[in-house]
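Secondary and tertiary structure notes
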Amino acid sequence: MNVSRVLESTLSQLTGALEQSESTLKTGGDPRVKVIGALLVTVAAVSVRRWEILIALLVLLSGVAISAGMTWKRLCAGWAGGLFFAAVVAVPAVFNSGWQLALLLVLRSEASLTCWLLLILTTPFNLVLRALQALSVPTVFIAILSMTFRYIFLLVQTAQDMLLSRRSRIVGRMTGADHRRMLSSTAGVLLGKSMQMSDDVYHAMASRGFRGEIRVMQNFEMATRDWSLLVSVAALAAAVFVTGR
Amino acid sequence: MTNSLVFEAINLHYSYGKIAALDGLNLNISQGERIAFLGANGSGKSTLLRLLDALYFPSSGELRYQGTKLTEELFEEESFAFAYRREVALVFQNPDVQLFCPTVYEEVAFGPLQMKWPKEVIRVRVAETLELLKISHLAERVPHQLSGGEKKKVALASVLILDPKVILLDEPCAALDPRSQMQIIDFLAEWGNKSKTVVTATHDLHTLEDIADKCVVFEQGKIIASGAPHDILHDHDLLKRSNLMHSHRHRSVAGHVHQAE
Amino acid sequence: MHIPDGYLSPSTCATLYTASAPFWYVALKKVKARLHTKLIPRLALFAAFSFVLMMFNVPLPGGTSGHATGVGLATVVLGPWAGMLAISTALLIQALFFGDGGITAFGANAFNMAIAGCLVTYVFYRLLLRVFGMRPWAQAAAAAIAAYIAINFSALLAAIEFGIQPMFFKDAAGHPLYAPFPLSVTIPAMLIGHLTFAGLAELAITGGVVTYLKRTSPGLIAAGPAPFSWKPVAAVLALLIILTPVGLLTAGRAFGEWSAQDFQNADARVQIERAAGGAPAPSDAPNGLRRFAKLWSAPLRDYSPKFISNPSAGYILSAVVGVALLLIVILSFGALARRC
């Protein structure tokens, strides 16, 4: 297994996924409503004990996602994330406790996944943060989240550059020990380089007046559309909860 | 009042851990001056720029802005901090460090938003500033996917929107293609006019005369010379000593002196 | 080790959110006090680093997947409180963008990996620093080993959370509603993977990076046995105390802890025989056991003082008293030792 190839492909997957959220389906709508809605539906889904209800919910959520512009490919890629855990826990559960429980376990996690995928892909991340801020998540934590998000891009970029330049300098084969050494020295160098840059990023933000709060151009005002979305999502969550018991 | 002092640096010291970046520096900058800080990497010019932008505070010595001594406590007060950050702006060497919003529009609006300007005012100013730098067509683009020259213009726009009195530039032409370089230089040359103070840290000797009326040469955290660009450029000994220039033989005119790479 | 939504019951999730809240609260207060320093951008950078580290999942047999979390690095550079915020941040972004770990389960994941992880790392790091002294490799080794222990502790916590699901959350017919495997399965399953691949990955990366950082950014990592703060130790102890009711859940008595009466009790006899590999149990307690059993009558018998009816509360109270007594003994010894 070529360690640097694995690293590089994972890194580009990472940026791919994060960047997608920056430039995708921007459906409008008050992000506070969307966040609360996602929470309500998730909590309801996790309480469900009947797999039929979850199938219905998943179908509904997928429908909403597709109509908002998500591709099936993206949806399935999101679902694949939950299947890994399912393979390890849910599949053996079939032999232990029957297929219904296994199905329930898988569907619950996929339903929750779909909810949040929908949220993230239809709302720019800084709006999600702004919504969390409005919902009383402490500002310090919001600032940390926002900066972390930026630094992830920075880190990945730096890592990719480093790996690229390393790749062009390695001639011949590397032993397992060489790979391991390279890995931890790469990690160290990455951290070192990023620390300098992260200080600069922070300075750049402070230089333009950043003092810890997130401010955005959009004004959050609940329009009729937002109220009706909130009400319908709450009703959905309640329905799922009640029928699922 | 003519030529009031904007910055006074008195015996400034600043260290990163054990390394002294600024070692007893004295400097005055007057309003409307266009100054270039010359020096090799590590000579202290970038550090001084950050001190001027109040991102760091001196380990010892004093830095005054329009007579007021700058201290950390002062900046804890929001109104002072906002006023200062509006009047003094810094453009960083690496634009990626400075571009962190999802779109160019939001990037340019970042500063005024942080400073709580009314949103209608922000909308107008963003449009004006984008137009000024001729990047209105980039408004909805993602900043870190732009070309080097475009990124630089966005970075410039993001500080110019504040209409600062002092603009500090750290290697503005680093890593830019020649055409973009000329565009930036031309822009800065025009934008100046007597009321703005421009401080540029650079080791690009070619464009010195276009961007500055006065040069200050740095070496190991101290100022070793200052004067008009023309004089500095012709003091070859000085330039070689401070690692801004070297001579070597190459295929064109033998002994042709040019700047160090 | 990231637990998705749907495998833990809503009440388990709520409990773990509630358990995490006070730690987050304290951590945020501490960080706020240092707002004017560069702590926050540093914190965010380590959160980003931890996030990237956690993306490299190594699939493990029977134990979901393992990966390095960066818990060791975050604690050693930022301290346990800022560290737990950094790891929590990384976990949240992973949950939101990659569905790696659920949102209702976020409290659990943060509790296991961020909160417990950083506190355990800190305690062992400080302890090991005292042991290793001023040797040049002291910090790297202490950080690496502490991180290894912490990762396994996090895995243990996750295993416990999974393992108690079938005990408490069943439907009317007695079928499990959430994760169906009992403690006897989940604990070995989680620990095997983490004692080996994941733990070793954490150990290697922590050790390697700390060594590198010591060389390049010397001021970054707290050196030597600095003043030992009791607060994280107190936090860990609080954690363990909260977990003691888990002891209630293990049916029956631990090996060798039978009392004299148990020999006459039919159920207990079955257990004794099973533990003894099938050898028949004597019909009555051995004479020696009977004689000495009367010697000492403990004040908090069977960990349930008579005036407290709820067994869990009794357990917790006993734990508090036990820990307090232990601390008094340790501190007295320490004071005595210093006097000599």
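Fair warning: this is a prediction, and the values are worked out from it, not measured in the lab.

**So, the domain arrangement of chain A**
Partitioning chain A into domains gives domain 1 (30–123 + 220–245) and domain 2 (142–214). Computed over C-alpha atoms only, the centres of domain 1 of chain A and domain 2 of chain A are separated by 34 Å.

**Brief notes about the interface of chain A and chain C**
Each partner contributes to the interface: chain A provides 56 residues, whereas chain C provides 51 residues. If you list the elements that add at least two residues to the side of chain A that touches chain C, you get helix H1 (3–22), helix H2 (31–47), helix H4 (72–97), helix H5 (99–122), helix H7 (139–167) and helix H8 (176–207) of chain A. For the side of chain A that touches chain C, the per-class residue count stands at 33 nonpolar, 19 polar and 4 charged.

**Section: the sheet that holds strand E2 (residues 19–30) of chain B**
All names here are of chain B. Read across the open sheet, the 4 strands follow the order E2-E1-E4-E5; overall the sheet is antiparallel. Both edges of this open sheet fall to E2 and strand E5 (68–69), since each of them pairs with a single strand only. Two strands pair when backbone bridges link them, and strand E1 (residues 5–16) and strand E4 (residues 60–65) are joined in this way by 5 bridges, in the antiparallel orientation. Pairing of His13 across the sheet is with Ser60, part of E4.

**Concerning unusual backbone geometry**
In this model, Ser136 of chain A sits at a positive phi of 75°, which is unusual for a non-glycine residue. Topologically, Ser136 of chain A is positioned in the loop between helix H6 (125–134) and H7. Exposure remark for Ser136 of chain A: the 7 C-beta atoms within 10 Å place this residue in the exposed category. The backbone of Lys134 of chain B shows a phi angle near 60°, a positive value even though the residue is not glycine. Examined against the element boundaries, Lys134 of chain B turns out to sit in the loop between helix H6 (119–132) and helix H7 (148–160).

**A look at the interface of chain B and chain A**
Tallying the contact residues gives 23 residues for chain B and 18 residues for chain A. Elements supplying a minimum of two residues to the side of chain B that touches chain A: helix H3 (78–87), helix H4 (95–98) and helix H5 (104–114) of chain B. Of the residues forming the side of chain B that touches chain A, the biggest block, 6 residues, is contributed by H5 of chain B. Partitioning the side of chain B that touches chain A into residue classes produces 12 nonpolar, 5 polar and 6 charged.

**Section: the sheet that holds strand E8 (residues 197–202) of chain B**
Strands in a sheet are paired, the pairing made by backbone hydrogen bonds, and the direction either parallel or antiparallel. Residue and element names in this part refer to chain B. One open sheet accounts for 6 strands, arranged E6-E7-E8-E3-E9-E10; its pairing is mixed. Here the strands that pair on one side only, and so sit at the sheet edges, are strand E6 (88–91) and strand E10 (222–227). Along the sheet, successive strands turn relative to each other by an average axial angle of 20°, direction set aside. In terms of strand pairing, E6 meets strand E7 (residues 166–170) through 4 bridges, oriented parallel. Within the sheet, the bridge partner assigned to Leu90 lies in E7 and is Leu168.

**Re the confidence of the model for chain C**
All names here are of chain C. For chain C, the average pLDDT comes to 76, and 61% of its residues sit at 70 or higher. The model gives residues 249–255 a pLDDT under 50, and that stretch makes 6 contacts with residues more than four places away or in other chains. Interface confidence for the predicted complex, given as ipTM, is 0.88, next to a pTM of 0.78.

**Topic: helix H3 (residues 71–78) of chain C**
Residues and elements named next belong to chain C. For H3, a buried count of 8 out of 8 residues is recorded, marking the element as mostly surrounded by other parts of the structure. Turning to H3, its buried residues are Val71, Gly72, Leu73, Ala74, Thr75, Val76, Val77 and Leu78. Contact partners of the buried residues in H3: helix H2 (39–54), helix H4 (80–98), helix H5 (106–132), helix H6 (138–163) and helix H8 (183–216). Phi turns positive one or two residues past the end of H3, at Gly79, with a value near 95°.

The rules behind the values
Residues numbered from 1 in each chain as written. Chains lettered and ligands numbered in written order. Predicted model: local features only at pLDDT ≥ 70, side-chain atom pairs only at ≥ 80, totals over all residues. Domains from an automatic or database assignment. Contact = placed C-beta atoms within 7 Å. Helix = DSSP H or I, 4+ residues; strand = E, 2+ residues; numbered from the N terminus. Nonpolar A, V, L, I, M, F, W, Y, C, P; charged D, E, K, R; others polar. Pairing = 2+ DSSP bridges. Buried ≥ 20, exposed ≤ 12 C-beta atoms within 10 Å, placed from the backbone. Axes fitted to C-alpha atoms, helices over the stretch in contact; angles between N-to-C directions. pLDDT = per-residue confidence, 0-100.

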